[in-house]
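Here are the chains, one letter per residue:
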Amino acid sequence: MPRNINLFTGQWVDLPFEQVCDLAQRWGFDGLEVPVAGDHLDVYRAAEDDDYCRAWKDNLARHNLEVYAISNHSTGQAVCDDPIDFRHRGLLNERVWGAGESDAEGVRQRAAEELTLTAQVAAKLGAKVVTGFTGSKIWKYVAMYPPVGSDVIADGYEDFARRFNPIMDVFDSEGVTFALEVHPSEIAYDYWTTKATLEAIDHREAFGINWDPSHMIWQGIDPAVFLTDFADRIYHVHCKDTKTHFDGRNGRLSSHLPWDDPRRGWTFVSAGLGDADLDGYFRTLNQIGYTGPISIEWEDSGMDRLTGAPLALAYARSHVYDLPDAAFDSHFDNR
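Okay, so let's go over this structure. (Residues numbered from 1 in each chain as written. Predicted model: local features only at pLDDT ≥ 70, side-chain atom pairs only at ≥ 80, totals over all residues. Heavy atoms only, no water.)

1. Concerning empty space enclosed by the protein
Next up, step 1: The tally for this structure, following the rule as stated, stands at 1 cavity of 30 Å³ or more.
Next up, step 2: Here the largest cavity is characterised by a volume of approximately 40 Å³.
Next up, step 3: What lines the largest cavity is simply Arg 3, Phe 282, Arg 283, Leu 285, Asn 286, Ile 294, His 319, Val 320 and Tyr 321.
Next up, step 4: Broken down by element, the lining of the largest cavity gets its largest block of residues, 4 residues, from helix 12 (residues 278–287).
Next up, step 5: Residue composition of the lining of the largest cavity, by class: 5 nonpolar, 2 polar and 2 charged. (1 Å grid on protein atoms, 1.4 Å probe; cavity = no way out; pocket = protein on both sides within 12 Å on 5 of 7 lines; lining within 4 Å. Points joined across faces, edges and corners; volume = space filled by probe spheres on them. Helix = DSSP H or I, 4+ residues; strand = E, 2+ residues; numbered from the N terminus. Nonpolar A, V, L, I, M, F, W, Y, C, P; charged D, E, K, R; others polar.)

2. With respect to the sheet that holds strand 2 (residues 31–35)
Backbone hydrogen bonds are what pair the strands of a sheet, in a parallel or an antiparallel way.
Next up, step 1: What the 8 strands build is a closed barrel, ordered 1-2-3-4-5-6-7-10; its pairing is parallel. Geometrically, the sheet is characterised by an average inter-axis angle of 30 degrees between neighbouring strands, direction not taken into account.
Next up, step 2: As judged from the 3 bridges shared by strand 3 (residues 66–71) and strand 4 (residues 129–132), these two strands associate in the parallel manner. Each bridged residue has a counterpart across the sheet, and for Ser 71 the counterpart in strand 4 is Thr 131.
Next up, step 3: On the sheet, helix 3 (residues 50–62) packs against strand 2 and strand 3 and is oriented at approximately 125 degrees with respect to strand 3. (Pairing = 2+ DSSP bridges. Axes fitted to C-alpha atoms, helices over the stretch in contact; angles between N-to-C directions. Contact = heavy atoms within 4.5 Å.)

3. Side note on helix 1 (residues 17–27)
Next up, step 1: Within the span of helix 1, buried status applies to Phe 17, Val 20, Cys 21, Leu 23 and Ala 24. Angularly, the buried residues of helix 1 cover 160 degrees about the axis, an arc narrow enough to put them on a single face.
Next up, step 2: Each element contacted by the buried residues of helix 1 is listed here: strand 1 (5–8), strand 2, helix 3 and helix 13 (305–319).
Next up, step 3: Positive phi appears at Gly 28, one or two residues downstream of helix 1, with a value of about 105 degrees. (Buried < 20%, exposed > 50% of the residue type's maximum accessible area, 1.4 Å probe, protein only. Arc of directions from axis to C-beta.)

4. Some thoughts on the pairing of strand 5 (residues 177–181)
Next up, step 1: Of all 5 residues making up strand 5, 5 are buried, and the element is well covered by its neighbours.
Next up, step 2: Covered by surrounding structure in strand 5 are Thr 177, Ala 179 and Glu 181 together with Phe 178 and Leu 180, the residues of both alternating faces.
Next up, step 3: The parallel pair strand 4 and strand 5 is bridged by helix 8 (residues 150–174), and the resulting crossover is right-handed.
Next up, step 4: Sheet topology note: the strand 5/strand 6 (residues 207–211) ladder contains 4 bridges and is parallel. (Right-handed = clockwise from strand over helix to strand, strands pointing away.)

5. Focus: the pattern of salt bridges
Next up, step 1: Applying the stated rule across the entire model yields 26 salt bridges.
Next up, step 2: Residue Asp 30 is joined to Arg 317 by a salt bridge in which the shortest nitrogen-to-oxygen separation is 3.0 Å. A residue pair is termed long-range when its members are at least 10 positions apart, and Asp 30 in the loop between helix 1 and strand 2 and Arg 317 in helix 13 qualify at 287 residues.
Next up, step 3: Look at Arg 317 and you get partly exposed, because its relative accessible area is 34%.
Next up, step 4: Linking Arg 110 and Asp 103 is a salt bridge whose minimum nitrogen-to-oxygen distance equals 3.2 Å.
Next up, step 5: On the basis of relative accessible area, Arg 110 is assigned to the partly exposed category, the value being 21%.
Next up, step 6: The structure contains a network of salt bridges with shared partners spanning Asp 82, Glu 105, Arg 108, Lys 140, Asp 159, Arg 162 and Arg 163. (Salt bridge = Lys/Arg side-chain N within 4 Å of Asp/Glu carboxyl O.)

Below is the structure:
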């Protein structure tokens, strides 16, 4: 069977879940990666209401869709972030936000509690992976000025491990894995910070990577090398592309310019329209033995999503191949 191709519905939560399922079925997706947002998934209700879970799964079944992953990126961001401020207010529900900035540590703890609840709900719904963010106590020091000592950076990784190890204990007990999207603002945002993050959490099996090449392209990281070097930690895959345009005026830090501004050095585009060698990456996924789905994440400020999602699906379908039964030169054995 060809590899499953899913739609990540994080950019669709303004639409009713039923409508998104209708669209995904009509376009030909095999399943969904569903965020804890809008009416797409209420983890608090799912944890307590079996009828809600049954209706949720029945809705997917009616549309011939599967669920492999649950996303809780927004809540995960608050687990390690410092400071907790106005930016998080737009990410978090009232239950997690509580008193907000005046109770920052309370926000972090409630975010951790919701992330553990998400693992329990994922297991209940039959999802194998929870994708998400971690936040970071030390991302604010990425510019390296004013300078901080190595002890400050080390403390950031220790803070991450202290907060995430108890969360991963619950993931272990539920038989679900957590896949961190390696991404700016997270404890792991490039190759070397990913190595440091895995070392900080002692390479425990529950903690892995949601691989998204679009965040690596503009940083100058080779996504295929990332795949081979972290092969045993690739727990989920986002299919998204990036188009770079470095003209001598712009740079990698985007100059506070909005998406798709022609002055930017790079922007996200629909799969197949940017600089990512997606065909090569999909082949590498086969080579490292990744068996999970490809999850289309539509983020393209230059086209309507109703155009972008099926376009990305068609591109992925045409570049995801089954492995052959035998090597092409195996016939020489029959001389």
